[in-house]
Amino acid sequence: QVQLVEFGGGLVQAGGSLRLSCRASGRTFSSYVGGSYVGWFRQAPGKEREFVAAITWSGGRIYYADSVKGRFTISRDTAKNTVYLQMNSLKPEDTAVYYCAAVSPGPFSDSKTYDYWGQGTQVTVSS
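Source: prediction; values computed, not measured. (Residues numbered from 1 in each chain as written. Predicted model: local features only at pLDDT ≥ 70, side-chain atom pairs only at ≥ 80, totals over all residues. Heavy atoms only, no water.)

**A look at the overall build of the chain**
Within the chain, the regular secondary structure consists of 1 helix and 11 strands. Along the chain, helices and strands appear, N-terminal first, in the series β-β-β-α-β-β-β-β-β-β-β-β. Expressed as lengths along the three principal axes of its C-alpha atoms, the size of the chain is roughly 45 × 25 × 25 Å. With 127 residues in all, the chain has 43% of them scored as buried. Across the chain, the fraction of contacts at a sequence separation of at least 24, relative to all contacts at a separation of at least 6, is 57%. Taken as two groups, the 13 positive and 9 negative side-chain charges of the chain have centres that lie 6 Å from each other. (Helix = DSSP H or I, 4+ residues; strand = E, 2+ residues; numbered from the N terminus. Buried < 20%, exposed > 50% of the residue type's maximum accessible area, 1.4 Å probe, protein only. Contact = heavy atoms within 4.5 Å. Lys, Arg positive; Asp, Glu negative; His and termini not counted. Charge placed at Lys NZ, Arg CZ, Asp CG, Glu CD.)

Encoded structure:
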């Protein structure tokens, strides 16, 4: 029904930037996510998956984890069924596998509320 594919991860030095993209397949994607959240989460080795950012698909309301405010920007292109995460001023502690997720009725920061997940993309920030 809904498939999410992420790309854009890689290796970057501290202070650098990366842009992650997550494209959703399905001609009826908007019907699934219209009244819900789409978000980004990350998970470092040995750590729990943590919330990064979320956006409401229909209204564009945005939420960020405190750790990324001012550095990361989430956005979406509804015509392309794509959500982006622009990551600037990257720090070594940002190193993790990043996942996009969709169709959460909330709470948006709770990973268990999302119905669909991407495969994950590795982001490594070297010091």
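After that view, the rundown keeps rolling.
**Quick word on the nonpolar core**
The biggest cluster of nonpolar side chains holds 37 residues, and the ones touching the most others in it are Leu4, Trp40, Leu85, Met87 and Tyr98. Residue assignment for this core shows that the elements contributing at least two residues are β3 (18–25), α1 (29–33), β4 (37–43), β5 (50–56), β7 (72–77), β8 (82–87), β9 (96–104) and β11 (121–126). Sorting elements by how many residues they give to this core places β9 first, with 6 residues. (Core = buried A, V, L, I, M, F, W, Y, C linked by side-chain atoms within 4.5 Å.)

**Examining the pattern of salt bridges**
This structure, assessed with the given rule, holds 5 salt bridges. A salt bridge links arginine 42 to aspartate 94, with the shortest nitrogen-to-oxygen separation between them at 2.9 Å. One end of the pair, arginine 42, is in strand β4; the other, aspartate 94, is in the loop between β8 and β9, and 52 residues separate them in sequence. The exposure classification of arginine 42 matches that of aspartate 94, with both residues buried. Arginine 71 serves as the salt-bridge partner of aspartate 94, at 2.7 Å between the closest nitrogen and oxygen. Taken together, the residues span a long stretch of sequence, with aspartate 94 in the loop between β8 and β9 and arginine 71 in the loop between β6 (62–64) and β7 at a distance of 23 residues. (Salt bridge = Lys/Arg side-chain N within 4 Å of Asp/Glu carboxyl O.)

**Observations regarding the environment of glycine 60**
Turning to its location among the elements, glycine 60 is positioned in the loop between β5 and β6. Sequence separation of glycine 60 and arginine 23 is 37 residues, and the distance between their C-alpha atoms is 17 Å. For glycine 60, the residues in contact, after removing those within four places along its chain, are Ile55 and Arg76.

**Comments concerning the sheet that holds β3**
One open sheet holds the 4 strands; their spatial order is β1-β3-β8-β7, and the pairing between them is antiparallel. Here the strands that pair on one side only, and so sit at the sheet edges, are β1 (3–7) and β7. Put simply, the sheet's adjacent strands are angled 15° from each other on average, direction ignored. Bridge count for β7 against β8 is 6 bridges, and the pairing is antiparallel. Its bridge partner being in β8, serine 75 is matched across the sheet by tyrosine 84. (Pairing = 2+ DSSP bridges. Axes fitted to C-alpha atoms, helices over the stretch in contact; angles between N-to-C directions.)

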